[in-house]
Amino acid sequence: MADKLTPERRSANMAKIRAKNTKPEMLVRRMVHGMGFRYRLHRKDLPGKPDLVFGPRRKVIFVHGCFWHLHDCRDGRIPSSRRDYWEPKLRRNAERDAEQEAALVAAGWQVLTVWECETKDLEALETRLAGFLRTGE
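Definitions and limits used
Residues numbered from 1 in each chain as written. Predicted model: local features only at pLDDT ≥ 70, side-chain atom pairs only at ≥ 80, totals over all residues. Heavy atoms only, no water. Helix = DSSP H or I, 4+ residues; strand = E, 2+ residues; numbered from the N terminus. Areas by Shrake-Rupley, 256 points an atom, 1.4 Å probe, with all protein chains shown as cover. Contact = heavy atoms within 4.5 Å. Phe/Tyr/Trp six-rings, centres within 6.5 Å; stacked < 30°, edge-to-face > 60°. Buried < 20%, exposed > 50% of the residue type's maximum accessible area, 1.4 Å probe, protein only. Lys NZ or Arg CZ within 6 Å of the ring centre and 35° of its normal. Salt bridge = Lys/Arg side-chain N within 4 Å of Asp/Glu carboxyl O. Core = buried A, V, L, I, M, F, W, Y, C linked by side-chain atoms within 4.5 Å. Expected span 1.5 Å × (residues − 1). Axes fitted to C-alpha atoms, helices over the stretch in contact; angles between N-to-C directions. Parallel < 35°, antiparallel > 145°, perpendicular 65-115°, else oblique. Left-handed = near helix turned anticlockwise from the far one by under 90°. Pairing = 2+ DSSP bridges.

Novice: What is the right way to read the overall build of the protein chain from this model?
Specialist: For the protein chain, the helix and strand inventory stands at four helices and four strands. N-terminal to C-terminal, the α/β element order of the protein chain is α-α-β-β-β-α-β-α. In the structure as shown, the protein chain presents an accessible area of about 8800 Å², 52% of it carried by carbon and sulfur atoms.

Here's what the structure looks like:
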């Protein structure tokens, strides 16, 4: 199926997509803060610049968009148009995620990835976050 937007409009839409402070990330940040946990944001000295870093606990949380990081859900599909462009780009994102997680684990960090689709069920998300952050207290 051909793109319904003009190349200029598509470019403008893509330019507005942010890497930080996305709606799912902000939701996770508010939820974690409300549970009483304090954190640092996007530490550049750690592989992948995790979204939330709990330094003394040696734990990090990544909040990933399902499309951009190829999650195994409906939103994580590779587009059918321009597959030659999208497939290598999105697969490389997923490979980079795995490399960064491995580097963090090797350095002694515990890693949790929260997917954008998981932010729709707030109770389940809160339970998952609390379980991750409270282990080892």
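Next comes the rest of the write-up.
Novice: Just checking my understanding: could you explain the side chain of Thr 113 for this structure?
Specialist: If you trace the backbone, Thr 113 turns up in strand 4 (residues 110-115). Once residues within four sequence positions are removed from consideration, Thr 113 is found in contact with Phe 62, His 64, Glu 101, Glu 118 and Arg 128.

Novice: What is the right way to look at the packing of aromatic side chains in this model?
Specialist: To describe a pair of aromatic rings, one takes the distance between the centres and the angle between the planes. One pass over the structure, following the stated rule, counts five aromatic pairs. Centroid distance Phe 67 to Trp 68: 4.9 Å. Interplanar angle 80°. Geometry classified as edge-to-face. A relative accessible area of 24% means that Trp 68 is categorised as partly exposed. A cation over a ring is seen here: Lys 59 above Phe 132, with NZ or CZ 5.1 Å from the ring centre. Seen from the ring of Tyr 85, Arg 82 lies directly overhead, with NZ or CZ sitting 4.5 Å from the centre.

Novice: Got a minute to help me understand the pattern of salt bridges in this structure?
Specialist: Any two side chains of opposite charge can pair, so long as their charged atoms come close to each other. This structure, assessed with the given rule, holds eight salt bridges. For Arg 74, the salt bridge goes to Asp 75, with nearest N and O atoms at 3.8 Å. For Arg 74, a relative accessible area of 63% puts it in the exposed group. The structure contains a network of salt bridges with shared partners spanning Arg 83, Glu 87 and Arg 91.

Novice: I'm lost on the nonpolar core in this one. Help?
Specialist: Nonpolar side chains tend to gather and get buried jointly when the protein is soluble and globular. Within the largest apolar cluster, 17 residues are counted, with the highest numbers of intra-cluster contacts made by Val 28, Val 32, Phe 54, Ile 61 and Leu 129. Going through the elements one at a time, helix 2 (23-34), strand 2 (52-54), strand 3 (59-64), strand 4 and helix 4 (122-134) are the ones with two or more residues in this core. The contact partners of Phe 54, leaving out residues within four places of it in the chain, are Val 32, Phe 37, Arg 38, Tyr 39, Lys 59, Ile 61, Trp 109 and Leu 133. Listed in part, the seven residues of the second largest apolar core include Phe 62, Leu 104, Trp 109 and Val 111.

Novice: Is there a simple way to think about helix 3 (residues 83-106) in this case?
Specialist: Since the α-helix advances by 3.6 residues per turn, residues separated by three or four positions end up pointing in the same direction. Taking 1.5 Å of rise per residue, the 24 residues of helix 3 would be expected to cover 34 Å, and the 34 Å separating its terminal C-alpha atoms lies within 8% of that figure. Two residues or fewer past helix 3, Gly 108 is found with a positive phi of approximately 95°.

Novice: Honestly, the packing of helix 2 against helix 4 in this entry has me stumped. Any pointers?
Specialist: Two numbers describe a pair of packed helices, the interaxial angle and the distance between the axes. As a packed pair, helix 2 and helix 4 sit with axes 11 Å apart at the nearest point and diverge in direction by 60°. Classified by the angle between their axes, helix 2 and helix 4 sit oblique to one another. The way helix 2 lies across helix 4 gives a crossing that is right-handed. Taking contact as the criterion, the partners of Leu 27, Val 28, Met 31 and Val 32 in helix 2 are, on helix 4, Leu 122, Leu 125, Glu 126, Leu 129 and Leu 133.

Novice: Any chance you could explain the sheet that holds strand 1 (residues 40-41) here in plain terms?
Specialist: Sheet strands pair by backbone hydrogen bonding; their relative direction is either parallel or antiparallel. The strand order across the open sheet built from four strands is 1-2-3-4, with neighbouring strands paired in mixed fashion. Every interior strand has two partners, whereas the edge strands, strand 1 and strand 4, have only one. Alignment of strand 3 against strand 4, held across six bridges, turns out to be parallel. Counted as the bridge partner of His 64 is Trp 115 from strand 4. Seen against the sheet, helix 2 touches strand 1, strand 2, strand 3 and strand 4 and runs at an angle of roughly 30° to strand 2. Together, strand 3 and strand 4 form the strand contacts of helix 3, whose direction differs from that of strand 4 by roughly 150°.

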